[in-house]
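Residue strings, one per chain:
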Amino acid sequence: MQINRVLITGVAGFIGSNLLDYLLEKTTWQITGIDNLSTGSKNNISTHLNTTRFRFVKDNIRNLNSVKQYDCIFHLAALPRIQPSFEFVTEHITENLTSSMHIIELMIGENHFPKFVFSSSSAIYGTPTTIPTPETEAIECLSPYAFQKYEVEKYLELLSTRYPLDYICLRYFNPYGPRSFNPENKFNAYSSVVGIFLYRREKGQKLLVTGEGSQKRDFIHVSDLAKANYLAAINPNKLNTAFNIGNGSTLSVLELAQRISGKDYEFIPKREGESDITFADVKKAKDLLGWHPEQKMEDYLKSN
Ligand SMILES: NC(=O)c1ccc[n+]([C@@H]2O[C@H](COP(=O)([O-])OP(=O)(O)OC[C@H]3O[C@@H](n4cnc5c(N)ncnc54)[C@H](O)[C@@H]3O)[C@@H](O)[C@H]2O)c1
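These numbers were taken from a predicted model, which means no experiment stands behind them.

*Asks:* I'd like a rundown of the overall build of the protein chain, residues and numbers included.
*Replies:* Of regular secondary structure, the protein chain possesses nine helices and 13 strands. Of all 304 residues assigned to the protein chain, the portion counted as buried reaches 44%.

*Asks:* Outline the nonpolar core, supporting the account with residue identities and numerical values.
*Replies:* In this structure, Ile8, Phe74, Val117, Leu170 and Ile245 are the most contacted members of the largest nonpolar core, which totals 67 residues. Per-element tally for this core: the top contributor is helix H6 (residues 222-234), with seven residues. If you look at the next biggest cluster of nonpolar residues, it comprises seven residues, including Tyr125, Tyr145, Ala146 and Tyr150.

*Asks:* Give a detailed account of helix H4 (residues 144-159), specifying residues and quantitative values.
*Replies:* Taking 1.5 Å of rise per residue, the 16 residues of H4 would be expected to cover 22 Å, and the 22 Å separating its terminal C-alpha atoms lies within 8% of that figure. Restricting attention to buried positions, one finds in H4 the residues Pro144, Tyr145, Ala146, Gln148, Lys149, Tyr150, Val152, Glu153 and Leu156. Here the buried face of H4 lies against helix H2 (82-87), helix H3 (89-109), strand S5 (115-121), strand S6 (166-172) and strand S11 (241-245).

*Asks:* Mind laying out the site of the ligand, listing which residues take part and the relevant values?
*Replies:* Near the ligand there are 27 residues, and of these Gly10, Gly13, Gly40, Ala78 and Pro80 occur at the shortest range. For the shell around the ligand, the secondary-structure elements that each account for two or more residues are helix H1 (14-26), strand S2 (30-35), H3 and S5. Tallying contributions element by element places H1 first for the shell around the ligand, with three residues. A breakdown of the residues in the shell around the ligand according to their chemical character gives twelve nonpolar, twelve polar and three charged.

*Asks:* Requested: an account of the packing of H1 against H6, with residues and values cited.
*Replies:* At their nearest, the axes of H1 and H6 sit 9 Å apart, and the two run at 65° to each other. With respect to the hand of their crossing, H1 and H6 are arranged in right-handed fashion. On H6, the residues touching Phe14, Ile15, Asn18, Leu19, Tyr22, Leu23 and Lys26 of H1 are Val222, Ser223, Leu225, Ala226, Lys227, Asn229 and Tyr230. Looking at side-chain class alone, the contact of H1 with H6 contains nine nonpolar, three polar and two charged residues.

*Asks:* Describe the sheet that holds strand S3 (residues 54-58), listing the residues and the values that go with them.
*Replies:* Pairing in this open sheet of seven strands is parallel, and the strands run S3-S2-S1-S4-S5-S6-S11 from one edge to the other. Among the strands making up the open sheet, the edge pair consists of S3 and S11. Averaged over neighbouring strand pairs, the angle between their axes works out to 20° when direction is ignored. Of the strand pairs in this sheet, S2 and S3 are connected by five bridges, and their pairing is parallel. By the bridge assignment, isoleucine 34 is partnered in S3 with valine 57. Relative to the sheet, H4 contacts S5, S6 and S11, its axis offset from that of S5 by approximately 150°.

*Asks:* Please give an account of the pairing of S6 that cites residues and values.
*Replies:* Burial within S6 is extensive, with six of its seven residues counted as buried. Sheet topology note: the S5/S6 ladder contains seven bridges and is parallel. For phenylalanine 116, the partnering residue across the bridge sits in S6 and is tyrosine 167. Note on the crossover from S5 through H4 to S6: the handedness is right-handed. When S6 meets S11, the two strands line up parallel, connected through five bridges. From the neighbouring strand, tyrosine 172 faces S11, where its bridge partner is isoleucine 245.

Rules and cut-offs
- Residues numbered from 1 in each chain as written.
- Predicted model: local features only at pLDDT ≥ 70, side-chain atom pairs only at ≥ 80, totals over all residues.
- Helix = DSSP H or I, 4+ residues; strand = E, 2+ residues; numbered from the N terminus.
- Buried ≥ 20, exposed ≤ 12 C-beta atoms within 10 Å, placed from the backbone.
- Core = buried A, V, L, I, M, F, W, Y, C linked by C-beta atoms within 7 Å.
- Expected span 1.5 Å × (residues − 1).
- Contact = placed C-beta atoms within 7 Å.
- Near = placed C-beta within 6 Å.
- Nonpolar A, V, L, I, M, F, W, Y, C, P; charged D, E, K, R; others polar.
- Axes fitted to C-alpha atoms, helices over the stretch in contact; angles between N-to-C directions.
- Left-handed = near helix turned anticlockwise from the far one by under 90°.
- Pairing = 2+ DSSP bridges.
- Right-handed = clockwise from strand over helix to strand, strands pointing away.

Here it is in structure tokens:
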């Protein structure tokens, strides 16, 4: 299907706003972005608000009553933090599961099946036994958040046995990049670690390393995530499957803290529900989407 009009949910968030930048530059598509600004910020998209190819709708995605006009939907809106998902369970079920199902049901109800690119998470692997981790790894959800992401994947799979859904799930590993830390976000203490570390260094505060900092993370630059979304959208095949989107390498949180601030860090207790290691096997995305990561952490740290 030729793509002309697309919808980005969660456009004012970290990854959504970077996806908007990418698509405005890379395509000629008309882009509608919806966000209720619950954790996102209009500042993230302010440079594009007068762009004719972009329309911003400040609303809850559960108020959408049609998606018929879109050729592709990038579904990013969510409450994406592990720790708060233990505390505000119902709110997270509503935002991460019910909201996603609302959009999926609209597609089914309207008998209109645009490419649906769902932002999933490597959190669904828990602490994996296969390193690097392929998509075939057993699912082990250690938090409500991870479980909700997995539920959406599973519903897509189940419903596609009855309806002609055309979807791709992108399991992001540990994203970093511009706008990853929003000080106004009520859950900002649980933002991506690179963003928090850079913010604390800028404010002259010690970095806080959880546990012993030995947990390893596969950090992936947000523009590489945006590229994965784009390649998923333009893929002509109905793939109906999930892809790991990570860098295919790891760095420990302690090493990251040392690279960012030398010795200016301290340890705080380990948090439940967080994996000891994330390390993506990205062969499937390379083979089927033609995607590969391009950005390097050292370049990002040098420029920040
Ligand atoms: N950042 C990460 O570490 C990470 C890792 C893996 C997967 N993901 C997934 O990527 C997606 C984007 O994450 P992010 O880091 O950009 O998060 P974010 O919090 O920066 O952005 C999410 C956006 O969704 C909006 N939103 C939430 N509920 C909404 C609703 N009901 N209606 C309209 N807008 C709503 C928020 O206001 C926010 O702007 C999420 O689905 C998340 O689960 C993120």
